[in-house]
Amino acid sequence: MNIGFFDIETTGFHPEKDEILVVCIANNAASRVKVIKKGKMTEEEVIREALSSMSIYGSIVSWNGSSFDIPFLSRRAIKYGLRFNHKFHIDLMQKSARFIPNVEKSLDAMASTLLIDTHPTEYNASIWKMAKRGDKDAMQYIVDHCSSDVITLKKVWKKLME
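So, how was this worked out
- Residues numbered from 1 in each chain as written.
- Predicted model: local features only at pLDDT ≥ 70, side-chain atom pairs only at ≥ 80, totals over all residues.
- Heavy atoms only, no water.
- Core = buried A, V, L, I, M, F, W, Y, C linked by side-chain atoms within 4.5 Å.
- Buried < 20%, exposed > 50% of the residue type's maximum accessible area, 1.4 Å probe, protein only.
- Helix = DSSP H or I, 4+ residues; strand = E, 2+ residues; numbered from the N terminus.
- Contact = heavy atoms within 4.5 Å.
- Pairing = 2+ DSSP bridges.
- Salt bridge = Lys/Arg side-chain N within 4 Å of Asp/Glu carboxyl O.

**A look at the nonpolar core**
Right, so step 1: If you look at the biggest cluster of nonpolar residues, it comprises 31 residues, and the most contacted ones within it are Val-22, Val-61, Trp-63, Leu-92 and Val-156.
Right, so step 2: Elements that contribute at least two residues to this core include exactly β1 (3-10), β2 (20-27), α3 (92-99), α4 (107-113), α5 (125-132) and α6 (136-161).
Right, so step 3: Filtering out sequence-adjacent residues up to four positions away, Trp-63 remains in contact with Asp-69, Asp-91, Leu-92, Met-93, Ser-96, Lys-105, Ser-106, Leu-107, Met-110, Leu-153 and Val-156.

**Examining unusual backbone geometry**
Right, so step 1: The backbone of Asn-64 shows a phi angle near 65°, a positive value even though the residue is not glycine.
Right, so step 2: Using a relative accessible area of 25% as the deciding quantity, one classes Asn-64 as partly exposed.
Right, so step 3: At Leu-115, a residue that is not glycine, the phi angle is positive and equals roughly 60°.

**A word on the pairing of β1**
Right, so step 1: Within β1, 8 of the 8 residues are buried, which leaves it mostly tucked inside the rest of the structure.
Right, so step 2: Burial along β1 is two-sided: the residues Ile-3, Phe-5, Asp-7 and Glu-9 and Gly-4, Phe-6, Ile-8 and Thr-10 are all buried.
Right, so step 3: Across 7 bridges, β1 lies against β2 in antiparallel orientation. Looking at the pairing, Thr-10 lines up with Ile-20 of β2.

**Focus on the pattern of salt bridges**
Right, so step 1: Per the counting criterion, the structure on display carries 5 salt bridges.
Right, so step 2: Glu-49 is the partner of Lys-34 in a salt bridge, and the nearest nitrogen-oxygen pair spans 2.6 Å. On the criterion of sequence distance, the pair formed by Lys-34 in strand β3 (residues 34-37) and Glu-49 in helix α1 (residues 43-54) is long-range, its members being 15 residues apart.
Right, so step 3: Taking relative accessible area as the criterion, Lys-34 reaches 27% and is therefore assigned partly exposed.
Right, so step 4: Given the relative accessible area of 30%, Glu-49 is considered partly exposed.
Right, so step 5: With a shortest N-O distance of 2.9 Å, Arg-48 and Glu-44 are connected by a salt bridge. In this pair, Arg-48 and Glu-44 both sit in helix α1, 4 residues apart, roughly one turn of the helix.

Shown next, in the form of C-alpha cells:
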C-alpha cells in the first residue's frame, strides 16, 4: 500500500487568519522527507505543491490530523481556490488510543511509550513568530521540527503495525 505521512506547521491555530509555513511529507518506503516551505514560495504555492505531492498516496497518515492538519490545510486551500481531496486519511493519534489507551496524546509521548528513539525539538512560540517575520534560522528550526515529527510518525506507525 502506498502510504504518505505528513505534518504541517503554521503561524497559529486559526486558518482564517494564520498561514501554513511548512508541510513535510514522507512515504512508507523511503527515508527521505519532502519539505515544502514558505520563503521562496508563497503560501499558495506551498499548498499547491503539498496537495500535488499528497495526491499520489492511496492513504495519508497524520497525528491529530482530523482535528487540526486536515481542516487547516483544507480551509487555506479554499482561500486560493484549491481543493484538498483527502482520500483515505488515518489519524494515528485516534487510532493509537485503541491500541494503547491512557497515554498522553502527544506524538513524542506515544513514541516514548513504544520505546522509539526520537529527536524531538521543543515548541517555542517565539521561534514561530520569528519565522512568520521571515527569520531564516527560525524557519530552519521549524523545518527540522516538522521533519522530525514526520519521521517519528512513520516509526510509530510501523511499530503499531507490527
